[in-house]
Amino acid sequence: MIKVFKYFIITFILSYFVVWVSDHPGRVKIFWSEYLIETNIVGLFFIFLLIFLVIFFTLRTFSNIKKIPYFISNVRRDKNFQLGNQTLDEIAIDLFKGDLNNLEKNSRKIKKYFDNRLFSTFMLINAALLKNEIPQAKKYLQILETLPNADYISKRVKVLIALKENDIKNAEEYLLEFAEEYKGDEWFSEKLAIIHSYKSEWKLAFDSLNLVSIKKNSDLKHMLANLKVLSGAKAIEALKISDDSIFVLQESVKELIDNSEIKKASNLIQKNWEKTQCIEIIEIFMQYKIKNISDSLNRYKIISRLLKKEKKITDETKLALAYSAYQAQVWGESQMHLDSIEKAKWDNRVIKLYRKVEERSPKIIMPVNKNKILSEPKWICSNCNFKYEKWQFVCGECNSVNQINWPKKNEKKKTEFNFFLQNPFRHFPHMK
């Protein structure tokens, strides 16, 4: 209401002024270069209005002319933005397809379209490393080191190039320096632990990785637990870090048996059996420091009672029960568990155990199985697929660390889409 009243007063005053000027136009004389110009106040107003309009449109015209370069620049920028977005999409496809040549070309385009040097240079380095073009990678590294905000990335690349060149000495020196500079950094600490592991320096490897907060990284917790045992610490303590390692479980079972804690050892096996499905743990329980046949029978009774409580009795469980019965010299029960395994799923382990039972008990005869006998499962490196009879921490073929796994273990399999996602050790050289 107050605003309406204000507008009314202003309108009234202006209207009154216009009416008064119209009724009393007066006379205005202007002398300009010996010329006399006579008009009234209304005419003077229109003269000033005309001058104002001329000046306004003149300035606006010059302003629009001045904006032409900016307009052209904006058009070019919008075009580059659109092309840059398309190039980013192509880079994503190149990464999944593993097309390194296109990846290199598109990385150069990103630099052109977005005037971005850090991302494009990093992608060029990555492509060069994957193509084993070390001199080219070093050239891009020199550019990367001059860019702002690229210090951390350039140092990681420096380590990777040293590893690609098999220059382990320099790689270790870099890692020691950078791990100190970036204390608690997961990447530098992990790679330093890997270098120490190559040289079987388990304590140094454990100390390097132990500085990192790895609460949410199950892979590093698994690695740290293995290193703790390898460095000479008690396996039971390593279980507190991660109970996902079969090696740590095996060593923990041994420790408990050493302490005459047979029931605790069997409970530990039963607790983790569903996910491990590794008969080697049962072999340790049934063989490690066995005193006599009575001791074997006692352990068989304990472990068989626990394994039979499993919700799902798998073929590995049946084989474990058969093996335990064999070690306890309960031939009939061993045969019963072996026969419960579907013949189409028999592997060499079933055949070997059945023959042993057959040798010990003349009454037992292995049935004829016309199905193809499956190969015996072996430890396998998830990086190079090389198979091993026994677990080891470092793969002798590709030198990947903590990547040798039991194939029967129940775990979420990592989907291998492409080179960019599948192999975290792809830049590491083959150690001699």
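Placed above this text is the structure.
Residues numbered from 1 in each chain as written. Predicted model: local features only at pLDDT ≥ 70, side-chain atom pairs only at ≥ 80, totals over all residues. Heavy atoms only, no water.

(A) Summary view of the packing of helix H5 (residues 118-130) against helix H6 (residues 134-145). Taken N-terminus to C-terminus, the directions of H5 and H6 make an angle of 160°; their axes are 8 Å apart at the nearest point. One element, H5, and the other, H6, form an angle in the roughly antiparallel class. Judged by the sense of rotation from one axis to the other, the crossing of H5 with H6 is left-handed. Contacts between H5 and H6 pair Leu118, Thr121, Leu124, Ile125, Ala128 and Leu129 from the former with Ile134, Gln136, Ala137, Tyr140, Leu141, Ile143 and Leu144 from the latter. A class-by-class count of the residues in the contact of H5 with H6 yields 11 nonpolar, two polar and no charged. (Axes fitted to C-alpha atoms, helices over the stretch in contact; angles between N-to-C directions. Helix = DSSP H or I, 4+ residues; strand = E, 2+ residues; numbered from the N terminus. Parallel < 35°, antiparallel > 145°, perpendicular 65-115°, else oblique. Left-handed = near helix turned anticlockwise from the far one by under 90°. Contact = heavy atoms within 4.5 Å. Nonpolar A, V, L, I, M, F, W, Y, C, P; charged D, E, K, R; others polar.)

(B) Inspection of helix H9 (residues 186-198) at higher detail. For H9, spanning 13 residues, the distance from its first C-alpha to its last is 18 Å, which sits close to the expected 18 Å at 1.5 Å a residue. Most of H9 sits inside the fold, with 12 of its 13 residues counted as buried. Turning to H9, its buried residues are Trp187, Phe188, Ser189, Glu190, Lys191, Leu192, Ala193, Ile194, Ile195, His196, Ser197 and Tyr198. On the buried face of H9, the contacting elements are helix H7 (151-164), helix H8 (168-181), helix H10 (202-210) and helix H11 (218-230). Measuring from the backbone nitrogen of Trp187 back to the side-chain oxygen at the start of H9 gives 3.1 Å, which picks out Asp185 as the cap. A positive backbone phi angle near 60° is found at Ser200, which sits one or two residues after H9. (Expected span 1.5 Å × (residues − 1). Buried < 20%, exposed > 50% of the residue type's maximum accessible area, 1.4 Å probe, protein only. Polar contact = N/O pair within 3.5 Å; in protein donor to acceptor, adjacent residues only side chain to side chain.)

(C) Quick look at the sheet that holds strand S5 (residues 404-405). An order of S4-S3-S5 is seen for the three strands of this open sheet, with the pairing classed as antiparallel. On the outer flanks of this sheet lie strand S4 (387-388) and S5, each paired with one strand and no other. Here strand S3 (residues 379-381) runs beside S5; their pairing, made up of two bridges, is antiparallel. Bridged to Ile380 within S5 is Asn405. (Pairing = 2+ DSSP bridges.)

(D) Structural view of the nonpolar core. Within the largest apolar cluster, 97 residues are counted, with the highest numbers of intra-cluster contacts made by Met223, Val253, Ile269, Ile282, Phe285 and Trp379. Filtering out sequence-adjacent residues up to four positions away, Phe285 remains in contact with Val253, Ile257, Ile262, Ala265, Ser266, Ile269, Arg299 and Ile303. (Core = buried A, V, L, I, M, F, W, Y, C linked by side-chain atoms within 4.5 Å.)

(E) Summary view of the side chain of His196. Tracing the backbone shows His196 in helix H9. Those residues in contact with His196 that sit more than four places away from it in its chain are Glu172, Glu201, Leu204, Ala205 and Ser208.

(F) Expanded view of the packing of aromatic side chains. This structure, assessed with the given rule, holds 14 aromatic pairs. Measuring from centroid to centroid gives 6.0 Å for Tyr174 and Phe178, while their planes differ by 10°, and the two rings are stacked. Taken together, the residues Tyr174 and Phe178, both in helix H8 and four residues apart, mark about one turn of the helix. Three or more aromatic residues joined by ring pairs form one cluster here, namely Tyr152, Tyr174, Phe178, Tyr182, Trp187 and Phe188. (Phe/Tyr/Trp six-rings, centres within 6.5 Å; stacked < 30°, edge-to-face > 60°.)

(G) Quick look at the environment of Ser213. Within the secondary structure layout, Ser213 lies in the loop between H10 and H11. Here the alpha-carbon distance between Ser213 and Gly184, two residues 29 residues apart in the chain, equals 7.0 Å.

(H) Quick peek at the layout of surface pockets. The space that makes up the second largest pocket amounts to roughly 390 Å³. As for the second largest pocket, its lining consists of 18 residues, of which Ile279, Glu283, Arg349, Lys352 and Glu376 are closest to the centre. Taken together, the elements giving at least two residues each to the lining of the second largest pocket come down to helix H15 (279-287), helix H17 (315-327) and helix H19 (348-360). Counted by class, the lining of the second largest pocket contains eight nonpolar, one polar and nine charged residues. (1 Å grid on protein atoms, 1.4 Å probe; cavity = no way out; pocket = protein on both sides within 12 Å on 5 of 7 lines; lining within 4 Å. Points joined across faces, edges and corners; volume = space filled by probe spheres on them.)

(I) Highlighting the pattern of salt bridges. Considering all chains together, one arrives at 21 salt bridges under this definition. Between Glu316 and Lys408 there is a salt bridge; the shortest N-O distance is 4.0 Å. Here the residue Glu316 occupies a position in helix H17, and Lys408 occupies one in the loop between S5 and helix H20 (419-422), the gap between them amounting to 92 residues. Here Lys408 falls in the partly exposed class, since its relative accessible area comes to 34%. One salt bridge connects Glu389 with Lys378, and the closest N-O pair in it is separated by 3.0 Å. Taken together, the residues span a long stretch of sequence, with Glu389 in the loop between S4 and S5 and Lys378 in the loop between H19 and S3 at a distance of 11 residues. Owing to a relative accessible area of 32%, Lys378 belongs among the partly exposed residues under this scheme. In this structure, a network of salt bridges that share partners links the residues Glu316, Asp347, Arg349 and Lys408. (Salt bridge = Lys/Arg side-chain N within 4 Å of Asp/Glu carboxyl O.)

(J) Local environment of a positive patch on the surface. On the surface, a cluster of positive charge is contributed by Lys79, Lys105, Lys109 and Lys112. Along the polypeptide, Lys79 turns up in helix H3 (residues 68-97). Accessibility expressed as a relative area gives 55% for Lys79, which makes it exposed. (Patch = residues over 30% accessible without salt bridge, like charges linked within 9 Å, V, L, I, M, F, W, Y side chains within 5 Å. Areas by Shrake-Rupley, 256 points an atom, 1.4 Å probe, with all protein chains shown as cover. Lys, Arg positive; Asp, Glu negative; His and termini not counted. Charge placed at Lys NZ, Arg CZ, Asp CG, Glu CD.)

(K) Region of interest: unusual backbone geometry. The backbone of Asn132 sits at a positive phi, close to 60°, despite the residue not being glycine. You can see Asn132 is positioned in the loop between H5 and H6. We classify Asn132 as exposed; its relative accessible area is 52%. Positive phi is not limited to glycine here, since Ser260 has a value of about 60°. Secondary-structure assignment places Ser260 in the loop between helix H13 (246-258) and helix H14 (262-276).

(L) Broad picture of empty space enclosed by the protein. One pass over the full model with this rule turns up one cavity of 30 Å³ or more. A volume near 70 Å³ is recorded for the largest cavity. Along its surface, the largest cavity is lined by His222, Asn226, Asp244, Ser245, Ile246, Phe247, Trp379, Trp391, Ile404, Asn405, Trp406 and Lys409. Elements represented by at least two residues in the lining of the largest cavity include exactly H11, H13 and S5. Class assignment for the residues of the lining of the largest cavity results in six nonpolar, four polar and two charged.

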